[in-house]
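Read off the chains here:
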Amino acid sequence: MTVKELSERQEFSVIAMPEPEREVHGVYIGDLLSWVMGKASPDNAWITIMSNINVLAVASLCDVSTVILCEGVTLTDEIVSSAKEKGVNVLMTELSAYETAVLLS
Amino acid sequence: MSDGVKFHYDVDGEDFTSAGRASVMVKKTLRELGLSPEIIRKVSVAMYEGEINMVIHAGGGCADVEITENKVIIVLSDHGPGIADVSLAMQEGYSTASDQVRSLGFGAGMGLPNMKRYTDDMVIESEVGKGTTITMTVNINA
Ligand SMILES: Nc1ncnc2c1ncn2[C@@H]1O[C@H](COP(=O)(O)OP(=O)(O)OP(=O)(O)O)[C@@H](O)[C@H]1O
Ligand SMILES: [Mg+2]
């Protein structure tokens, strides 16, 4: 499944999608950034409630295919433009991390 | 062996939001040089952890990266407080990060262990009150 296909599901909205064709393989859930850097695999969808600018650096360095902000968390406009610049996909959903992961399974 | 490509970056200790800039630039360079995604990931994650540590624990510092034919060498040095007990700091879960830093998602005490795990060699030289220098090497097996 591509990030674009994922974003078309009704549960998700697009916050930034500079790389729509990236394939999603697997999921990692976590909010502690070093933990994510140690454990997330490339092409994972990363589900988190963290919304500060450092999330973009972590997403980009770990090469996850998309960040999914759950529980209705959003980003400031400034961070959204930075995500587009850095080529980091970010989707959001009102669902919990668990419900989001179940949808992706 | 001929000299490799060298880069020098200053890491600003005040600016938390731009932390990671040096790592992102190195990542871009490694990609342009055509290195494998696995090597790029190892180098960029290890360097980012080190860069963030310099920002949150040492008030900034500098990063020197050298890319040769068969390895990437990253040297991070700061004039921060130093690390009194390196083996304690290396333990997973050990952290002295402030609540403010933790609220941003740091402070899991996983940074140094990640740096060790993602690199083929890591040497920490630290003196309390003087600063810390961390040298990491990632081998490139073509
Ligand atoms: N450059 C440094 N200067 C001074 N102390 C440091 C430095 N780097 C690490 N430390 C000390 O070592 C501890 C462990 O570092 P480590 O990177 O493993 O965890 P952390 O930075 O606290 O949390 P995390 O990396 O998971 O966000 C830090 O909390 C800090 O006390
Ligand atoms: Mg750290």
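Here the structure is shown first, and the text comes after it.
Basis of the calculations
- Residues numbered from 1 in each chain as written.
- Chains lettered and ligands numbered in written order.
- Predicted model: local features only at pLDDT ≥ 70, side-chain atom pairs only at ≥ 80, totals over all residues.
- Heavy atoms only, no water.
- Helix = DSSP H or I, 4+ residues; strand = E, 2+ residues; numbered from the N terminus.
- Contact = heavy atoms within 4.5 Å.
- Polar contact = N/O pair within 3.5 Å; in protein donor to acceptor, adjacent residues only side chain to side chain.
- Expected span 1.5 Å × (residues − 1).
- Buried < 20%, exposed > 50% of the residue type's maximum accessible area, 1.4 Å probe, protein only.
- Arc of directions from axis to C-beta.
- Near = heavy atom within 4 Å.
- Areas by Shrake-Rupley, 256 points an atom, 1.4 Å probe, with all protein chains shown as cover.
- Nonpolar A, V, L, I, M, F, W, Y, C, P; charged D, E, K, R; others polar.
- Core = buried A, V, L, I, M, F, W, Y, C linked by side-chain atoms within 4.5 Å.

Colleague: Tell me what's going on with the environment of Tyr28 of chain A, and back it up with residues and numbers.
Modeller: Residues and elements named next belong to chain A. Its place among the elements puts Tyr28 in strand E2 (residues 27–29). C-alpha separation for the pair Tyr28 and Asp63, spaced 35 residues apart in sequence, amounts to 12 Å. In this view, Tyr28 contacts Trp35, Val36, Lys39, Ala40, Asn44, Ala45, Trp46 and Ile47; residues no more than four positions away in its chain are not counted. At 3.3 Å, the side chain of Tyr28 forms a polar contact with the side chain of Trp35.

Colleague: Outline helix H1 (residues 21–32) of chain B, listing residues and values.
Modeller: For H1 of chain B, which comprises 12 residues, the first-to-last C-alpha distance of 17 Å matches the rise-based estimate of 16 Å (1.5 Å per residue) to within 8%. If you check which residues of H1 of chain B are buried, you get Ala22, Ser23, Val26, Lys27, Thr29 and Leu30 of chain B. Along the axis of H1 of chain B, the buried positions cluster into a sector of 165°, meaning they face one direction only. Facing away from the buried side of H1 of chain B, by more than 90 degrees, are the exposed residues Lys28, Arg31 and Glu32 of chain B. Next to the buried residues of H1 of chain B lie helix H3 (54–62) of chain A together with strand E1 (5–12), helix H2 (37–58), strand E2 (60–67) and strand E3 (71–78) of chain B. A positive phi of about 80° marks Gly34 of chain B, the residue just after H1 of chain B.

Colleague: Would you mind going over the site of ligand 1 in detail, with residue names and values included?
Modeller: Residues in close proximity to ligand 1 total 21 residues, the closest being His57, Ser95, Thr96, Gly107 and Gly109 of chain B. At ligand 1, the nearby residues belong to more than one chain, namely chains A and B. Within the contact set of ligand 1, an oxygen atom lies 2.8 Å away from a side-chain nitrogen or oxygen of His57 of chain B. In the model, an oxygen atom of ligand 1 is placed 2.8 Å from a nitrogen or oxygen of the Met110 of chain B main chain. In isolation ligand 1 offers 600 Å² of accessible surface; the protein chains occlude 96% of this area. Elements with a minimum of two residues in the shell around ligand 1: H2 and helix H5 (111–118) of chain B. If one sorts the elements of the shell around ligand 1 by residue count, H2 of chain B sits on top with 4 residues. Looking at side-chain class alone, the shell around ligand 1 contains 9 nonpolar, 10 polar and 2 charged residues.

Colleague: Please give an account of the nonpolar core that cites residues and values.
Modeller: Among the nonpolar cores identified, the biggest contains 66 residues, and Trp46 and Val90 of chain A are the most heavily contacted of them. Sort the elements by how many residues they give to this core and H2 of chain B lands first, with 10 residues. Ranked by size, the runner-up nonpolar core spans 12 residues in total, among them Val24, Ala45, Cys70 and Ala97 of chain A.

Colleague: An account of the environment of Gly109 of chain B is needed here, citing residue identities and associated values.
Modeller: All names here are of chain B. You can see Gly109 is positioned in the loop between helix H4 (99–103) and H5. A sequence separation of 16 residues divides Gly109 from Gly93, and the C-alpha atoms of the two residues are 4.1 Å apart. Setting aside residues no more than four positions away along its own chain, Gly109 makes contact with Gln91, Glu92, Gly93, Tyr94 and Ser95.

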